[in-house]
Amino acid sequence: MKSSAIAHSNIALIKYWGNWSKVSPSLNIPLNDSVSMTKYGLSENSHLQTHTTIEFSEDFKADEAILNNYLLKGRDMERVLKIINPLKKLKKIDYKFKLMSFNDFPTQAGLASSAAGFAALTIATANALNLDLTKEELSTFARLGSGSAARSIHGGFVYWHQGISHETSFAEKICNPNDFDINAIIAVISEGKKDVTSDTGHKLANTSIFNEIRVKKSQEQAKEIKAAILDDDFKKVGMIAEKNCLLMHSTMMTSEPALFYWSPITLKVIKKVLHIRKSENSDCFFTIDAGPNVHCLCRPEIIDYIKNTVENIEGVNKTILVKPADDSYLTNEHLF
Ligand code: PMV
């Protein structure tokens, strides 16, 4: 009962921020639909992916989970169990497990490592337990680890339906990676762990007076951006993504306590992107998750130009080029 999987992280084009209070917050049922691009890192040694192996056995005396050579404990282990326990229940077995996982990119630094991690964990666990689940069903279990992981089950462009229950809050694919021509350059400003985890941030969303309007607008924008992706309308996708990102960060900055994920360099990159668009007439847009790093979205034709421009901004430590990723998958390469 051993299985391995590889999953990619994703960048939200329409953001998930805050959980619906009418159901248990531990289910991670969001306040609004969200949309993302699953991303594949083009650097030789960083594809922004997680590789996970899990084994269940009657002979194991205790559960053990290792991420990037560190034994998981406390809250981190609890999140792993939030996925594994319901899957074990579905299979009606109570074996202990051994889990090993590697991220090929910084963990908890606003690069969506948890999305890749929990998606890989879900796929590997379901397969090790020989459960025959659809991708949509897998996405409901990945969501229990971290909401955005629901979207990383699929490759390409993904729509996460808010839903009203565990079963109805799932992600589905909008289209394949090659169906919409887009690249991103990530301006990496910090690779350190964020001060406030998104887990904590979600709980503060409703303390902002802007959240209600953000939720309402996000519902409209999710539908609009899906149509724009299917129409291959890059400008429209970029404009909507940028507006939605600013709605989320306005909500963060006006919550109590206020959350500032940006650094002064984040603002420099934003201004540069706006300058490129206005003065150079090149289509480039920004989006930012819960961290200081900026994703600059562009068509593949101008990726080298945008990369060079962003790299020259003082304070940007490095850039990572990404393209839309394929689906997450099972692999025979086991980590132990
Ligand atoms: O999945 P979480 O709990 O890490 O939350 C993700 C929150 C954002 O990255 C800011 C937005 C999103 O939709 O991915």
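Refer to the structure above for everything that follows.
Residues numbered from 1 in each chain as written. Predicted model: local features only at pLDDT ≥ 70, side-chain atom pairs only at ≥ 80, totals over all residues. Heavy atoms only, no water.

Asker: Hey, could you go over the sheet that holds strand E6 (residues 70–71) for me, with residue numbers and the actual values?
Answerer: The strand order across the open sheet built from six strands is E6-E5-E7-E4-E1-E14, with neighbouring strands paired in mixed fashion. Single-partner strands in this sheet number two, and they are E6 and strand E14 (329–331). In this sheet, strand E7 (residues 96–103) lies alongside strand E5 (residues 64–67) in parallel orientation, the contact comprising four bridges. Counted as the bridge partner of leucine 67 is serine 101 from E7. Packing of helix H2 (residues 113–128) onto the sheet brings it into contact with strand E1 (2–8), strand E4 (49–57), E7 and E14, and relative to E4 it is tilted by some 35°. (Pairing = 2+ DSSP bridges. Helix = DSSP H or I, 4+ residues; strand = E, 2+ residues; numbered from the N terminus. Contact = heavy atoms within 4.5 Å. Axes fitted to C-alpha atoms, helices over the stretch in contact; angles between N-to-C directions.)

Asker: So what's going on with the pattern of salt bridges? Residues and values would help.
Answerer: According to the stated counting rule, one finds 12 salt bridges in the structure shown. Note that aspartate 289 and lysine 15 form a salt bridge whose closest N and O atoms lie 2.7 Å from each other. Placement of aspartate 289 in the loop between strand E11 (284–287) and strand E12 (294–298) and of lysine 15 in the loop between strand E2 (10–14) and strand E3 (34–41) is noted, with a sequence separation of 274 residues between them. Lysine 15 sits in the buried class, given a relative accessible area of 1%. (Salt bridge = Lys/Arg side-chain N within 4 Å of Asp/Glu carboxyl O. Buried < 20%, exposed > 50% of the residue type's maximum accessible area, 1.4 Å probe, protein only.)

Asker: Summarise the packing of helix H6 (residues 211–230) against helix H7 (residues 234–253); cite the residues concerned and give the values.
Answerer: Helix-helix packing is characterised by the crossing angle of the two axes and by the distance between the axes. As a packed pair, H6 and H7 sit with axes 10 Å apart at the nearest point and diverge in direction by 160°. Our classification of the angle between H6 and H7 gives roughly antiparallel. Crossing handedness for the pair H6 and H7: left-handed. On H7, the residues touching Asn211, Arg214, Lys217, Ser218, Gln221, Glu224, Ile225, Ala228 and Ile229 of H6 are Lys236, Val237, Ile240, Ala241, Lys243, Asn244, Leu247, Met248 and Thr251. (Parallel < 35°, antiparallel > 145°, perpendicular 65-115°, else oblique. Left-handed = near helix turned anticlockwise from the far one by under 90°.)

Asker: Which residues make up the environment of lysine 22, and what values do they have?
Answerer: Residue placement: lysine 22 occurs in the loop between E2 and E3. Each C-alpha atom, one on lysine 22 and one on lysine 223, is 23 Å from the other, the two residues being 201 residues apart in sequence.

Asker: Tell me about the packing of aromatic side chains, residues and numbers included.
Answerer: Inspection of every chain in the model, using the stated rule, returns five aromatic pairs. Ring geometry for tyrosine 16 versus tryptophan 160: centroids 4.8 Å apart, planes at 70°, classification edge-to-face. Taken together, the residues span a long stretch of sequence, with tyrosine 16 in the loop between E2 and E3 and tryptophan 160 in strand E8 (residues 157–160) at a distance of 144 residues. The cationic tip of lysine 98 hangs over the ring face of phenylalanine 336; the distance from NZ or CZ to the ring centre is 4.8 Å. Stacked on the ring of tyrosine 159, the Lys or Arg lysine 226 has its end atom at 5.6 Å from the ring centre. (Phe/Tyr/Trp six-rings, centres within 6.5 Å; stacked < 30°, edge-to-face > 60°. Lys NZ or Arg CZ within 6 Å of the ring centre and 35° of its normal.)

Asker: Mind laying out the site of the ligand, listing which residues take part and the relevant values?
Answerer: By nearness alone, 14 residues border the ligand, and Tyr16, Ser148, Arg151, Ser198 and His202 come closest of all. Taking tyrosine 16, its main chain carries an N or O atom lying 2.9 Å from an oxygen atom of the ligand. Separating an oxygen atom of the ligand from a side-chain N or O atom of arginine 151 is a distance of 2.8 Å. Protein chains bury 93% of the 380 Å² of accessible surface belonging to the ligand in isolation. Looking at side-chain class alone, the shell around the ligand contains five nonpolar, six polar and three charged residues. (Near = heavy atom within 4 Å. Polar contact = N/O pair within 3.5 Å; in protein donor to acceptor, adjacent residues only side chain to side chain. Areas by Shrake-Rupley, 256 points an atom, 1.4 Å probe, with all protein chains shown as cover. Nonpolar A, V, L, I, M, F, W, Y, C, P; charged D, E, K, R; others polar.)

Asker: Lay out the nonpolar core with the relevant residues and their values.
Answerer: For soluble globular proteins, nonpolar side chains are generally found buried alongside one another. Membership of the largest hydrophobic core comes to 30 residues, with the highest contact counts inside it found for Ile54, Phe56, Val80, Ile84, Phe97, Leu99 and Leu121. Of all the secondary structure elements, the ones that give two or more residues to this core are E1, E4, helix H1 (74–91), E7, H2 and helix H3 (135–145). In this structure leucine 99 touches Thr52, Thr53, Ile54, Glu64, Ala65, Ile66, Val80, Leu121 and Phe336, once residues within four positions along its chain are discounted. By size, the runner-up hydrophobic cluster in this structure holds 29 residues, among which are Cys175, Ile182, Ile186 and Ile229. (Core = buried A, V, L, I, M, F, W, Y, C linked by side-chain atoms within 4.5 Å.)

Asker: Could you give an account of the pairing of E11, with specific residues and numbers?
Answerer: Residues in a regular strand point their side chains to alternate faces of the sheet. Side chains Cys284 and Phe286 of E11 all project onto a buried face; the interleaved residues Phe285 and Thr287 project onto the opposite face, where all are buried too. As judged from the four bridges shared by E11 and E12, these two strands associate in the antiparallel manner. Its bridge partner lying in E12, cysteine 284 is registered against cysteine 298. The turn linking E11 back onto E12 is made up of six residues.

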